[in-house]
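# Understanding the architecture of this molecule
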Amino acid sequence: DRATVKGRVFLGVIVAVGAVSVFGTAQSLRGVVSDVLVNRAIVSFANSGDIDVAARYNGYALSVLGVNGRAHRTAVEIGLLQLKQLLAEGKISDDLRARLQDTLTTTLQHGISAVSADKNNYRNWLSLAQLYGELSSGGIEGAERNARDAYERARLESPTSPLPLLGLAQLDLAVGDAKSAREHLNAAIAMKSD
């Protein structure tokens with residue numbers, strides 16, 4: 001019967017729309033919960049200065065929603081703090097070298113994951129650029145070029161933000177190129193004079 005076929009098609013469409021609505025609601029809820037956990041990580045660190053607690057909450061955020069760019073950016077910041085903490089331990093032993101390498105690898109992966117989660121979010125590119133900038137100051141080969149490329153991509157995604165220009169100026173100063181640093185700073189100031 002034609003009426004039966006139409007009824008089944010209509011029922012199928014209703015079920016499909018319902019499934020999409022439920023899935024969309026679940027994804028939205030996961031996003032909210034993940035962001036709340038990122039906030040908890042940030043507040044915990046601000047209140048206690050405990051990097052491990054912040055890392056744990058941020059890890060929960062990523063387990064709820066692994067494509068949360070904000071959580072990956074926060075993981076980069078936490079990773080940079082962990083690297084500084086490890087370097088402050090003093091004499092480089094084999095154990096410390098291994099922990100530094102693990103932390104660096106994990107932190108870099110979070111920077112790349114942030115960009116992979118949303119290539120159009122300039123904050124993700126800024127986070128990756130800042131990480132590479134830190135690595136560049138530590139003498140890591142290729143890090144400066146990667147930082148510059150990420151800052152340029154951040155400029156492309158947000159042409160009205162002066163932050164990528166400021167980052168480029170910092171890189172210029174780190175390598176002793178005062179002329180380029182001045183040009184980047186003047187361009188940033190012209191963009192946002194306040």
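None of these values were measured; they are calculated from a predicted model.

Rules of the game
Residues numbered from 1 in each chain as written. Predicted model: local features only at pLDDT ≥ 70, side-chain atom pairs only at ≥ 80, totals over all residues. Heavy atoms only, no water. Helix = DSSP H or I, 4+ residues; strand = E, 2+ residues; numbered from the N terminus. Buried < 20%, exposed > 50% of the residue type's maximum accessible area, 1.4 Å probe, protein only. Expected span 1.5 Å × (residues − 1). Contact = heavy atoms within 4.5 Å. Salt bridge = Lys/Arg side-chain N within 4 Å of Asp/Glu carboxyl O. Axes fitted to C-alpha atoms, helices over the stretch in contact; angles between N-to-C directions. Parallel < 35°, antiparallel > 145°, perpendicular 65-115°, else oblique. Left-handed = near helix turned anticlockwise from the far one by under 90°. Nonpolar A, V, L, I, M, F, W, Y, C, P; charged D, E, K, R; others polar. Polar contact = N/O pair within 3.5 Å; in protein donor to acceptor, adjacent residues only side chain to side chain.

### Considerations on the overall build of the protein chain
- When helices and strands are counted, the protein chain shows eight helices and zero strands.
- Listed by position from the N terminus, the elements making up the protein chain come as α-α-α-α-α-α-α-α.
- Within the protein chain, buried positions represent 35% of all 194 residues.

### Observations regarding helix α6 (residues 143–157)
- Given a rise of 1.5 Å per residue, 15 residues ought to cover 21 Å, and the 21 Å separating the end C-alpha atoms of α6 matches this to within 8%.
- Those residues of α6 that are buried are in contact with α5 (122–137) and α7 (163–174).

### Section: the pattern of salt bridges
- Under the criterion given, the structure shown has nine salt bridges.
- Between Arg99 and Glu89 there is a salt bridge, and its shortest N-O distance comes to 2.7 Å. With Arg99 in helix α4 (residues 94–117) and Glu89 in the loop between α3 (69–87) and α4, this residue pair connects regions lying ten residues apart in the sequence.
- Judged by relative accessible area, which is 46%, Glu89 ranks as partly exposed.
- Note that Glu144 and Arg148 form a salt bridge whose closest N and O atoms lie 3.0 Å from each other.

### Notes on the packing of helix α2 (residues 51–64) against α3
- The geometry of α2 relative to α3 is characterised by a closest axis approach of 10 Å and an angle of 155° between their N-to-C directions. The orientation of α2 with respect to α3, classified from their angle, is roughly antiparallel. The handedness of the crossing between α2 and α3 is left-handed. Within the contact between the two elements, α2 uses Ile51, Ala54, Ala55, Asn58, Ala61 and Leu62 and α3 uses Ala71, His72, Thr74, Ala75, Ile78, Leu81, Gln82 and Gln85.
- Across the contact of α2 with α3, the residue classes break down as nine nonpolar, five polar and no charged.

### Description of the packing of α6 against α7
- Running from N to C, α6 and α7 point in directions that differ by 160°, and their axes come no closer than 9 Å. It follows that α6 is roughly antiparallel to α7 by the angle criterion. The handedness of the crossing between α6 and α7 comes out as left-handed. Counting all contacts with α6, which are made through Glu144, Ala147, Arg148, Tyr151, Glu152, Ala154 and Arg155, the residues of α7 involved are Pro164, Leu165, Gly167, Leu168, Leu171 and Asp172.
- Tallied by class, residues from the contact of α6 with α7 come to seven nonpolar, one polar and five charged.

### Considerations on the side chain of Thr107
- Take Thr107: it is sitting in helix α4.
- At 2.7 Å, the side chain of Thr107 and the backbone oxygen of Thr103 are in polar contact.
- Ignoring anything within four residues of it in the chain, the contact list for Thr107 reads Val76, Gly79, Leu80 and Leu131.

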